[in-house]
Amino acid sequence: GLNKYQKVNHFPKSNELTRKDLICENMNRMNSIHGDEHYGFHPKTFNLPKDTSVLVEEMEKNPEQWWIVKPSASSQGRGIYFTNNIQELPFKQN
C-alpha cells in the first residue's frame, strides 16, 4: 500500500494513451467501430511493420502526400522525420 505522503503518478494501462504505437491501435480500432463521424479527427496512422502493406498502398495512391514517421520506442522528438518516399520507411521491427 501507499503511505500518506506518497502519490501515484502511474495508472494501470496508462501506456495505452502515452505510447504512440498503442494509441494508434486504439484510435484506429475506435474509428472502425464508431466511424469517421466520431473518430475522423485524427490523421491516417499506421504501425510498422504490421501495417506496411496498407501504408505502401496509401503512399502509392498519393505519391505527393508527406508522412510523419515517429519511432514507437523513442521520446522527446528523437527520430521523427517527414517523408513521401517508400524507401525511407523503417520496415524492420525496433
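In this text the structure is predicted, and so the values were computed from the model without any measurement.

Asker: Help me out: how do you make sense of the nonpolar core in this one?
Answerer: In a soluble, globular protein the nonpolar side chains are often hidden away together inside. Grouped together as the largest cluster of nonpolar side chains are 6 residues: Phe-46, Leu-55, Met-59, Trp-67, Val-69 and Leu-89. Every element with two or more residues in this core is listed here: helix H4 (52-61) and strand S1 (67-69). Leaving out residues up to four positions away in the same chain, Leu-89 has contacts with Leu-48, Leu-55, Met-59, Val-69, Tyr-81 and Thr-83.

Asker: How should a nonpolar patch on the surface be read in this particular structure?
Answerer: A cluster of nonpolar side chains, contributed by Trp-66, Ile-68, Ile-80 and Phe-82, occupies part of the molecular surface with about 450 Å² of accessible area. Looking at the secondary structure, you find Ile-80 in the loop between S1 and strand S2 (81-83). On the basis of relative accessibility, which here comes to 39%, the residue Ile-80 falls in the partly exposed class.

Asker: Help me out: how do you make sense of the confidence of the model for the protein in this one?
Answerer: With 97% of its residues at a pLDDT of 70 or more, the protein shows a mean pLDDT of 88. The lowest-confidence element of the protein is helix H1 (residues 15-18), averaging 86 in pLDDT; the highest-confidence one is S2, averaging 94.

Asker: Please clarify how the packing of aromatic side chains should be interpreted in this entry.
Answerer: Counted according to the given criterion, the structure contains 2 aromatic pairs. Residues Tyr-39 and Phe-41 carry aromatic rings whose centres are separated by 5.9 Å and whose planes lie at 35° to one another, so their mutual orientation is tilted. Both rings, one in Phe-46 and one in Trp-67, keep their centres 5.6 Å apart while their planes meet at 65°; by these two values the pair is edge-to-face. Here Phe-46, found in the loop between helix H3 (36-39) and H4, pairs with Trp-67, found in strand S1; they are 21 residues apart in sequence, far enough to count as distant. For Trp-67, a relative accessible area of 12% gives the class buried.

Asker: So what exactly am I meant to see when it comes to unusual backbone geometry here?
Answerer: Most of the time, phi is negative for any residue but glycine, and the peptide bond is trans. Cis geometry marks the peptide bond from Leu-48 to Pro-49, where omega comes out at 10°. Topologically, Pro-49 is positioned in the loop between H3 and H4. Backbone geometry at Lys-13 places phi at a positive 65°, although glycine is not the residue there. Its location among the elements puts Lys-13 in the segment before H1. If you check the backbone angles, Gln-76 has positive phi at about 55° while not being a glycine. Take Gln-76: its relative accessible area is 73%, and that puts it in the exposed class.

Rules behind the numbers
- Residues numbered from 1 in each chain as written.
- Predicted model: local features only at pLDDT ≥ 70, side-chain atom pairs only at ≥ 80, totals over all residues.
- Heavy atoms only, no water.
- Core = buried A, V, L, I, M, F, W, Y, C linked by side-chain atoms within 4.5 Å.
- Buried < 20%, exposed > 50% of the residue type's maximum accessible area, 1.4 Å probe, protein only.
- Helix = DSSP H or I, 4+ residues; strand = E, 2+ residues; numbered from the N terminus.
- Contact = heavy atoms within 4.5 Å.
- Patch = residues over 30% accessible without salt bridge, like charges linked within 9 Å, V, L, I, M, F, W, Y side chains within 5 Å.
- Areas by Shrake-Rupley, 256 points an atom, 1.4 Å probe, with all protein chains shown as cover.
- Salt bridge = Lys/Arg side-chain N within 4 Å of Asp/Glu carboxyl O.
- pLDDT = per-residue confidence, 0-100.
- Phe/Tyr/Trp six-rings, centres within 6.5 Å; stacked < 30°, edge-to-face > 60°.

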